[in-house]
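Structural overview
Each chain, letter by letter, is given below.
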Amino acid sequence: MGRQRHLWLAILVIVSAGVALPSPAAAAPKTAKVDYNFQIRPLLADRCFLCHGPDPKKRKARLRLDTPDGARKAGVIVPGKPEKSEVIRRITARDRDHMPPRKSKLSLSKDEIELIRRWVAQGAEYKPHWAFLPLPDVVPVPTVSDERWPASPLDSFVLERLESEGLKPSPPASREDWIRRVTFDLTGLPPAPAAVEAFLADRSPRAFEKVVDRLLASPHFGERMAQDWLDVARYADSFGYQADGDTQVWPWRDWVTGAFNDNLPYERFLTWQLAGDLLPRATRRQRLATAFCRLNRMTNEGGSIPEEFRNEYVSDRIHTFGTALMGLTIECARCHDHKYDPMTQKDYYGLGAFFNSIDEWGTYDNSHFRPTPTLLLPTPEQERVLAAHAKVVEAAEARLRQVEQVRENAFRAWLARADLKPELPGLVGYYPLDKLAANNRLENVANPKAPGSTSPANTLVPGKAGRALRFTGDDAANFPNVLGNLDRPQPFTVSFWLQTPRVMKHGIVFHRQSGTDTGFHGTELSFDEGRLLVALVRFWPGNAIAVRTRAALPAKEWVHVAASYDGTGKAAGLRIYLRGEPAQATVVRDRLTKNTEAGDTGLTFGERFRSTGLKGALLDEVRVFDRALTAIEAAQLHDGRALADALLRKDEAVLRPYYFGAVDPEAAKARDQLRQARQRLFAVQTGVFEIMTMEDLPRRRQAYILTRGQYDAPKDRPVGRVTPAMLPAFPKDAPRNRLGLARWLTEPRQPLTARVAVNRLWQMFFARGIVATTENFGTQGALPTHPELLDWLARDFVSSGWDVKGLCRKIVLSSTYRQRSAATPQLRDRDSDNLLLARGPSRRLSAEMLRDAALAAGCMLVETIGGPPARPYQPPGLWKEQNAFLPPYVPDKGEGLHRRSLYTFWRRTSPPPNMLTFDVPSREVCVVRRQSTSTPLQPLVLLNDPQFVEAARGLAERMLRDGGATLKERLVFAFRLGATRRPTERELQLLKQLYKGQRDLFRKSPERAQKYLRIGERPPALGLDPVDLAAATVTANAILNLDAAVMIR
Amino acid sequence: MNVKQPFDPLTITRRHFLSSASLGLGGLALGTLLPRESRAAAHAPGGILGAPHLPAKAKRVIYLFQSGGPAQQDLFDYKPLLNEKNGEQLPAHVRGGQRLTGMSVNQASIPLAGSVFKFDQHGRCGAWLTDLLPRTAEIADDLCFIKGMFTEAINHDPAITFFQTGSQVAGRPSMGSWVSYGLGSMNENLPAFVVLVTKGKGDQPLYARLWGNGFLDSKYQGVKFAAGKDPVFYLTNPEGISPAGRRAVLDTLNALNRVQYERELDPEITSRMAQYEMAYRMQTSVPEVTDFSREPKGVLNMYGPDVHRPGTFAANCLLARRLAERGVRFIQLYHQGWDQHGDLPRAIRVQARETDQPSAALVCDLKQRGMLDDTLVIWGGEFGRTSYSQGKLTKDDYGRDHHPRCFTVWLAGAGVKAGLTYGQTDAYGYNIADAHGQAINPDKSRFTPGAVHVHDLQATILHLLGIDHERLTFKFQGRQYRLTDVHGHVVRDVLA
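Described below are features of the structure shown in this document.

Analysis parameters
Residues numbered from 1 in each chain as written. Chains lettered and ligands numbered in written order. Predicted model: local features only at pLDDT ≥ 70, side-chain atom pairs only at ≥ 80, totals over all residues. Heavy atoms only, no water. Helix = DSSP H or I, 4+ residues; strand = E, 2+ residues; numbered from the N terminus. Buried < 20%, exposed > 50% of the residue type's maximum accessible area, 1.4 Å probe, protein only. Contact = heavy atoms within 4.5 Å. Areas by Shrake-Rupley, 256 points an atom, 1.4 Å probe, with all protein chains shown as cover. Lys, Arg positive; Asp, Glu negative; His and termini not counted. Charge placed at Lys NZ, Arg CZ, Asp CG, Glu CD. Core = buried A, V, L, I, M, F, W, Y, C linked by side-chain atoms within 4.5 Å. Salt bridge = Lys/Arg side-chain N within 4 Å of Asp/Glu carboxyl O. Axes fitted to C-alpha atoms, helices over the stretch in contact; angles between N-to-C directions. Left-handed = near helix turned anticlockwise from the far one by under 90°. Nonpolar A, V, L, I, M, F, W, Y, C, P; charged D, E, K, R; others polar. Polar contact = N/O pair within 3.5 Å; in protein donor to acceptor, adjacent residues only side chain to side chain. Expected span 1.5 Å × (residues − 1). Buried area = accessible area lost by both parts, 1.4 Å probe.

Tallying secondary structure elements over chain A gives 39 helices and 24 strands in all. The dimensions of chain A, computed from C-alpha atoms along their principal axes, are 115 × 90 × 50 Å. A burial count over chain A gives 62% of its 1049 residues as buried. Across chain A, contacts joining residues at least 24 apart in sequence account for 71% of those joining residues at least 6 apart. Approximately 39,300 Å² of chain A is accessible, and the part contributed by carbon and sulfur atoms is 53%. The average position of the 152 basic charges and that of the 120 acidic charges among the side chains of chain A differ by 3 Å.

So this is what it looks like as structure tokens:
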């Protein structure tokens, strides 16, 4: 690296960032060694690789210039011999052979051609792209002439570069500017006046360190760091897409804040988010972290095809993983091999294979029913109550078993009786389906007051007994008010005769469910590839119990079917009987953590909203029981004699379960108590907060390369879980899952992870990364302005144990960071974008900082950390206007209006306009770099948004109350709260004029003052003259609009 | 990208400014660019292209987006066969294995549904329209009907996002953003890209991303005008603040920021000062443009009685014309409510009543003012609807599901062939058909006469604005992005 440094210094980089230093070609002396990575590749990538690059489909003339093998073929490039190289001939040709072709509208300048010629003359040495080279173990720190300036090794890199340019660093910023800068950068908030005073008074050598250590220890540090990570993680409080339901993932946001405050090493920060669930003995916090992988948008638009969207979500995880963690744009490889970077379609789907094996569904109906997989987050109080209820359930279960033992004598006495009848107690509905009464009623023999009904489109035809109901497939028969809503604690048996015209691939037999085609919840019996499936569903498939018969139901014959459930909430409690026999069945899902909350009551047969119905099927003799029948009872329903025969035979083995299940009053009582105990336990469980997280299926889902990225066009060849071939190999001893992936990603020599991380942190402090394209370290990205500094920072970061606070500390205590940001005209001409770092950073406050700073200045910022999202002021009607599916936006009362912007409710399809105006991304996809625009809508927000007006009033009240006796003192006080420095005389003069002018205006129309002071929910302070306060509010608002308040300098 | 950097202090950005400085304007920028001067310089418009690639036919666009997917079979696409075969099942060979949405794919029966509305031919051109659109029928000779539109998405969100941003994936710039990025603003008092949504319609939602700037600077974001007191968010001075009071604040801010500028020499300061002035001008210009009180009665009548109620489609159409007159480049209207899965005959009547007269009036109004020659008007939704009934088909009721395979859009104005009906569908109105009426399955990667893919329409719109759709690009994440992705053909057949 030492030798290379001089090379890098000779090259003034900046290709893709489009900024303005002299071009590499012009700057380098004619004899200097040409560097492939920094001089040649950017040219070739921009002008040649589209047709002669990595993509075989776009490749022309079967020539590729991105690899030495490709280029040296057939004399295209002859190392050392430009005159014999076809490439040189082509780029200098004046005829039709000219490259790039004229119609491509691309061209090479004279200097660029000369540079390529020299590179060929020097041997045409290729190198892998700089960012893909392993992170060096040691990065030597350069020596500099001015040894006093560097406060940290990182300064030496900056200074060496400046010295080579003949430049000097700028003098340090004033103490006020520095503490303002560092406080915003580390906490997102302005420094408190007392903190400024203390710092100005502290002449000790450790004064700066003391400030930094205090800020790093502040809980606001985590909030500030979380702010940027939420953009990266595409965090939002709603799902995005169409109806845009609420995500309820804010506990993850609080996890992020806590992780930064605890200084969780970055390597673990990533590992937990990618694979916390796979860690040995994973804790709840580690599992919670994996919500990161679930923050993709989700749809609940009717008619959506779940598999299409499930694939979208996997893709979104790949894109986020690539952009956020590896600084690579891999989206292109979804449809084809990447055109510029060595990233293939296989690499893309290979990465996706790590993220596709969770028990998820492509749509959701209503986010109250959380998309699986999920994690339950009970409060300590709930945990206590749950444990207590669980004990009661256990006791009730024991009691029931006990009854069966102690009442053996009762059983024997009963068995000895001569008058036993084959009774099936618990019948709550019996629908013979023999005649249609008025209003399409269907008689209920068991309970004449609760008849069923059918759509008149279904007809009565000759059946198994009398007549039967024949279904159209699009019309239902309903049997309401018989059995509640068949939720988790409710045992039931439903029996009937069924005849289908063909083997039913799909089709709903009966259900008690709510929802739409994007997701149903509740109880159902349906056909699944010809077999019968009975299920209780909260969210399919991850939160459900279901069993399915092994054999298909035969067509064109009457079959007796009974489905039963015992109220345990377990798949083992589900039974299907066919022809009176328990059917061989497979457990499909066995995890139901909450009630299904289906709502409504009773059963619906033959049809479900937008689902396949029972077209042409016949139904007869429907019976509904409020308990799980025993086997002999199911047999009795089928043949009308099995139980009677057993009673005659006195068949003890068969009749003991029957007795305790159906006859014994003590057992019935114990069972009822158990049901009630379960009901209470289940109710508490259902109230526990639930959050989407990652959890792999027991069997991995096979991944495929998808043609043009389409979900329904998998290529034949399956893809395993593989990492991109161009990067270091997957660790041999690591598991092929997300945990292994995290290990691969955080290996100490991984080229990208640490570079990308330190670059993003650098960007936080300097407004621009060392690589300007924070999102793209690939060949099309910008080259680093200080490559060795980047490597040193990255290596140091890894060696420090991925210590985030440590890195922040190094940066903010560096001499580079401490410089004044103001530029001399010469420096501005020379380096307008401050690429060389000859001055300190400056940038506009982010949307969040602007609002938080105004609230802080107005002394109304609520500093509570974490919790559900807050709803501050927003233009009325905003959500509803665009989206009738959304609830109206109701601003919070009290604290919620004045919490930090980090907590503002983020609706993806309609983000808060006052924040969107200041360049906050919509959070629909991963964004690692915000723009910084200025538009006319921004002043409108800062001057007119009630939030800012109210905050200005807060500041005005402070200034009148605590700012001192004279106007001058008060203005200085307010100015310092907004800008952290004292105003100059001239500034003071102008503010005085403004204040007096406003006071005169309000004095002339005091009713205006009254109106102005009523803006915002917080009432104006008592005891202040309204005219004075209004004038002071206008003045305070103006101060908060000043460059000095809006910028960090 | 090798393009001229425009100089436009109205919408200047930091990066923007510095790039200008690096091109030799630095001295000027540093020395003289103070608010008064920047105000004057604001007359220089400019987008990234500097000058259009091609001679522009259209200076501006008014896009009347009909959100939800209007049923072409009940408005434009005359299919007597559907009425003949009303109630019969959609033949499998017509469906051709094409996927249906989850809303009707499980129906036991998918009966063909004829239209209950009466079709007739109109104008010299003989365009077919139903009696739902009497006013549109009157201007048929000014319109160009594209019968063979097709798209890729079958659900609203992806489909409308695709139409408005060229991608089903979120995060891409909208059409209006691309256009203002490319061509810049034509006025100094109003945004270049304005969005108007019919108030209180409900139905299928709209999303901020539809007029979002994606990865372009947020200055290219569409600015939504709402009906009511604050047409633009936060436009109005807070209660109690008089215009004089506000002016004094702005003057003080200017003076104070000038002090700060002398201290920092940062051009971003002057740039921000220019924004404060533009904001101030918008406070006057926006209420002016939304105030119809000086519109002649005859004009108001032309748009129909709804025009008096702010936020209606009629009022938005008139507002669109006023914005167009004042140099707004891209005016995007949205009218929700076309998603008729059921109860179509009743619901579509309401939709037609709300949109027919104002749409026609807008075209006439522009024509009267000579503005139709350089204004492109577009009318249409994100996809069409099925020829079979979703849900029950009865004598006078039916519904239609989403149908991306064919639908109708009309264009009018600048550079578009008036009185043309372009392309056709098969006898079932289910597939795009060739010249002989035979169903075809067009492929977006190559142009098929009569079949217009969404990217083709986008390419054509840009072409009319003088933009080569392949050359209006923005490099993001290492790739050159454009509105038409890697597809799109200019539909030359519809150009005048």
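Still more ground to cover, so stick around.
Residues Leu64, Phe225, Leu323 and Trp410 of chain B are the most contacted members of the largest nonpolar core, which totals 134 residues. If you tally residues by element for this core, the top one is helix H38 (residues 1026-1041) of chain A, at 10 residues. Among all residues touching tryptophan 410 of chain B, those that are not within four sequence positions of it are Leu64, Phe76, Thr136, Leu143, Cys144, Phe145, Ser359, Val363, Val377, Ile378 and Trp379 of chain B. Counting 131 residues, the second largest nonpolar core, distinct from the first, contains Phe355, Phe689, Trp762 and Phe766 of chain A.

All told, the structure shown has 114 salt bridges over all chains when counted by the stated rule. Between glutamate 312 of chain A and arginine 334 of chain A there is a salt bridge, with its nearest N and O atoms 2.8 Å apart. Highlighted residues: glutamate 312 of chain A in helix H16 (residues 306-326) and arginine 334 of chain A in the loop between H16 and helix H17 (345-355), separated in sequence by 22 residues. By relative accessible area, arginine 334 of chain A is classed as buried at 9%. Note that aspartate 141 of chain B and arginine 124 of chain B form a salt bridge whose closest N and O atoms lie 3.7 Å from each other.

This part covers the packing of helix H35 (residues 967-979) of chain A against H38 of chain A. All names here are of chain A. Interaxial distance between H35 and H38 falls to 9 Å at its minimum, and their mutual angle equals 35 degrees. For the pair H35 and H38, the crossing hand works out as right-handed. Along its contact with H35, which presents Leu971, Ala974, Phe975 and Gly978, the element H38 presents Thr1035, Ile1039 and Leu1040. Here the residues of the contact of H35 with H38 sort into 5 nonpolar, 2 polar and no charged.

Residues and elements named next belong to chain A. Positionally, serine 526 belongs in strand E11 (residues 519-528). Residue classification places serine 526 among the buried residues on the basis of a relative accessible area of 7%. Looking at serine 526, its side chain comes within polar contact range of the side chain of glutamate 524, at 2.7 Å. Not counting residues up to four positions away in its chain, the partners in contact with serine 526 are Gly507, Ile508, Val509, Arg531, Leu532 and Leu533.

With that settled, the discussion passes to helix H13 (residues 250-261) of chain A. All names here are of chain A. With 12 residues, H13 ought to run about 16 Å at 1.5 Å a step, and its terminal C-alpha atoms sit 17 Å apart, in line with that. For H13, the buried fraction is high: 10 of the 12 residues fall into the buried class. Along H13, the positions that sit buried rather than exposed are Trp250, Pro251, Trp252, Arg253, Trp255, Val256, Thr257, Gly258, Ala259 and Phe260. Looking at the packing, one finds that the buried side of H13 touches helix H12 (219-232), helix H14 (266-275), helix H15 (284-289), strand E1 (374-377), strand E20 (689-692) and helix H27 (804-812). Immediately downstream of H13, the backbone of asparagine 263 shows phi near 55 degrees, a positive value.

Listed by partner, the interface residues are 94 residues for chain B and 102 residues for chain A. Counting the surface lost from both chain B and chain A, the interface buries some 8,100 Å², and carbon and sulfur atoms represent 55% of this. Summed over the three residues of chain B that lose the most area to chain A, namely Tyr234, Leu256 and Gln477 of chain B, the buried surface amounts to 10% of that side. In this assembly, chain B and chain A are joined by 8 salt bridges. Between lysine 224 of chain B and glutamate 881 of chain A there is a salt bridge, with the nearest N and O atoms lying 3.4 Å from each other. There are 39 residue pairs in polar contact (both at pLDDT 80 or more) connecting chain B and chain A. For the side of chain B that touches chain A, the secondary structure elements donating two or more residues are helix H1 (14-32), helix H6 (156-165), strand E6 (223-225), helix H8 (243-264), helix H9 (267-290) and strand E17 (479-481) of chain B.

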